[in-house]
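# Reading the structure
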Amino acid sequence: MKLKGVITLLLVHSVLGLFDVNLLEDYLRWKRLRVVVVFHCLDQNHDTLKLSERLSYSFNGKIHYVDISNLTVTWNHSHSMMSSYHLLGATVDLQCPAVSQLFDVISDHGYFNSSYHWLLYGETDSRDSASCLLDDQNLNIDAKVTLAVEINRTESGGYYDLYDVYSTFRRRGAKLNVTLVGNWSTGKSFQLASNQTEYERRIDFGGIWLKGAITALDQVHYETLMEHLTSDAPVEAYALHRFGYKIWELIMQKHNFTIKLLRTPAWGIATSERDSHSGIIGQLASKEADLAINTLTYTKDRISIIDHTVTVAMSKMLLVFRHPKVTGNRNLFLRPFEVDAWMAVLGVIVLASIVLFGNFCAESYKEYYDKEVHDNRSLVFLTVFGILCQQGFSSKTMFNSTRITLISTLIFSVLLYQFYSTFIVGYLLIIPPKTMSTLQHLLDSNLKVIVEDLGYNIDFLNQTKDPLATQLYRSKILNGENNFLNVSEGIARVQQGGYAFQCDTAYAYPLMKRTFTDKEICDLQETVLSPFRQMHLPLPKGSPFREMFRVTVRKIVESSVGFYQQKRFFCDKPKCAKSELEPIDVDMDNVSSLFIGMLVCLAGCVGLLLVEWITYSYFKGHGEKLSNID
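Residues numbered from 1 in each chain as written. Predicted model: local features only at pLDDT ≥ 70, side-chain atom pairs only at ≥ 80, totals over all residues. Heavy atoms only, no water.

In terms of regular secondary structure, the chain is built from 22 helices and 21 strands. Per-residue burial over the chain gives 45% buried out of 630 residues. Looking at the chain as shown, the accessible area adds up to about 33,800 Å², and 56% of this sits on carbon and sulfur atoms. (Helix = DSSP H or I, 4+ residues; strand = E, 2+ residues; numbered from the N terminus. Buried < 20%, exposed > 50% of the residue type's maximum accessible area, 1.4 Å probe, protein only. Areas by Shrake-Rupley, 256 points an atom, 1.4 Å probe, with all protein chains shown as cover.)

Time to look at a nonpolar patch on the surface. There is a patch of nonpolar side chains on the surface, built from Val-339, Met-343, Leu-346, Val-350 and Ile-354 and spanning about 480 Å² of accessible area. Position of Ile-354 relative to the elements: it lies in helix 10 (residues 339-363). Classification of Ile-354 by relative accessible area gives exposed; the value is 55%. (Patch = residues over 30% accessible without salt bridge, like charges linked within 9 Å, V, L, I, M, F, W, Y side chains within 5 Å. Salt bridge = Lys/Arg side-chain N within 4 Å of Asp/Glu carboxyl O.)

Attention shifts here to the nonpolar core. Core analysis: the biggest nonpolar cluster contains 98 residues, and Phe-103, Trp-248, Ile-251, Phe-257 and Phe-549 have the highest contact counts within it. With 7 residues, the top contributor of residues to this core is helix 8 (residues 240-255). Core analysis: the second largest hydrophobic core is formed by 17 residues, Met-436, Leu-447, Tyr-473 and Ile-477 among them. (Core = buried A, V, L, I, M, F, W, Y, C linked by side-chain atoms within 4.5 Å.)

What follows covers the packing of helix 8 against helix 20 (residues 546-557). Remark: helix 8 packs on helix 20, axes separated minimally by 10 Å, with the N-to-C direction vectors making an angle of 115 degrees. Of the two possible hands of crossing, helix 8 and helix 20 adopt the one that is right-handed. Every residue of helix 20 that contacts helix 8 at Ile-247, Trp-248, Leu-250, Ile-251, Lys-254 and His-255 is listed here: Met-548, Phe-549, Thr-552, Val-553 and Ile-556. Among the residues forming the contact of helix 8 with helix 20, the class breakdown is 8 nonpolar, 2 polar and 1 charged. (Axes fitted to C-alpha atoms, helices over the stretch in contact; angles between N-to-C directions. Left-handed = near helix turned anticlockwise from the far one by under 90°. Contact = heavy atoms within 4.5 Å. Nonpolar A, V, L, I, M, F, W, Y, C, P; charged D, E, K, R; others polar.)

Examined against the element boundaries, Thr-309 turns out to sit in the loop between strand 13 (306-307) and strand 14 (311-315). Taking the relative accessible area as the measure of exposure, Thr-309 reaches 11% and is therefore buried. Here Leu-537 takes part through its backbone oxygen, which lies 2.7 Å from a polar atom of the side chain of Thr-309. Not counting residues up to four positions away in its chain, the partners in contact with Thr-309 are His-536, Leu-537, Leu-539 and Arg-550. (Polar contact = N/O pair within 3.5 Å; in protein donor to acceptor, adjacent residues only side chain to side chain.)

Glancing now at the pairing of strand 16 (residues 448-452). Regular strands place side chains that alternate from one sheet face to the opposite one. Extensive coverage of strand 16 is indicated by the burial of 4 of its 5 residues. Summarising the sheet, strand 16 and strand 18 (residues 499-504) pair through 4 bridges and their orientation is parallel. Directly across from Val-449, in strand 18, lies its bridge partner Ala-500. (Pairing = 2+ DSSP bridges.)

Purely spatial values, then, with no claim about function.
In structure tokens, the structure reads:
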């Protein structure tokens, strides 16, 4: 069964009578500890046995005893720390001769950290002696050290003041902080002085400074780096260092510290599994930097090098392009119905014409003879076609069957016209549907693909296992042309049309908003090549600020201030103006076929008129000649 809990670091006095086992028991319950290692300088044959009996009686966890009375330089501290446990610790009596040597070993190997819960026990003068002893040790903001100083002792038990002992960051000159947090007495257990959490109690870093690694990817700007980071200028290029600094500004205000910038040329993307120690990543791995200003992504090769904080934003690397016009084999005025629907309409026209022709023939019998009705037979097709085009019927009819046929055709034409006109109007009001939405569609198209010259893009394309992404990379990117461009050149080609650009939309979309027309924005389409990437503020592995900054960054992200910064630096896709309530103009592209059809018909009519006139003139002249001969 896997052990849960922590190894408690306990300082015990050499006189067993002064040690209050109840204090230790309450402390173990308070911290919910199940594994205890007691490093002591008691008599191995007498005092330790008594202490073991008293602890074992009420504590059902694991207890390990180590005597440090004769501590030497060959002491196997790693074995005593029991690294197989979830959390580790060590204990020593402040009165023991080897306490300073032990603390030096502890400090050198970084055992004063969040993996250890210390309970330091001593008499009235222990506060000053412990402070002097720990002042030179490597205690940081994540230290879990509780100092219990005995103030009074009676027959019923003792009374102790409890102090929280920590330092913000010893590497940057922070001082030791010893804060009274409460007291303990027999029968009353722990009485805390306030309801402050450890985070609230240690929130002030005391004005220390930390080194922050930063890269601007060698961008050219005509101002100092600090002016660039604090600028409110619109986002036009890579700006994750500016976004990260805005978040760090809020953290600095919260915790009262400053940052000294350590500039590097790049992030430090790994070229192999063992080559990640360059740029920002290299500064964090070597502990040269205490934090990173740039927001970075979660990657497999960085797990063993840096500590992650909290996701502060989502970076979207997308393929953006102007969607080609949806072209079809049919004219706009034929699109409302499919081919089979048009064939059905033609069948209705033919059927209605046949029925009406039969009715008109029946009405032309002598008993019902009427010259007006008789002439309807030659115009039966034109009559039906006119009804379908919303024209009425004004001729005279004799039979009820004729009237029923005409009324049925009129109703059919009205309903059909509603569907037809609704499609035409809707086609002009809505944004044309975009059919290219996947990588496969992009592969099958004639669009050329270009990529922003950014390390993340190149790294993804070289390592991806996605077959479609690999095929796109080989066929449309590695084709002998220079397809790796900066964002301004790439967006300019997208604006021309015929190009798909893989880029970071955080700063590509603002550039499109400023340079694209409304029509070009409405043509924009995007598809995913590389997965969306979660961005966080990285820290060196084992950083003492990890938990503190996680809590603070979480508070910022969940507040409106964090949301405001995300909206500033991560732009959404520009909104198409056609989705708004604004007038829609009909251009020549929509009605050009009507003009062409009208011109063709007029030309045909003129030609037919000429033929009829020539024929009429010929036969009229020929008839006059025959009459003269006669």
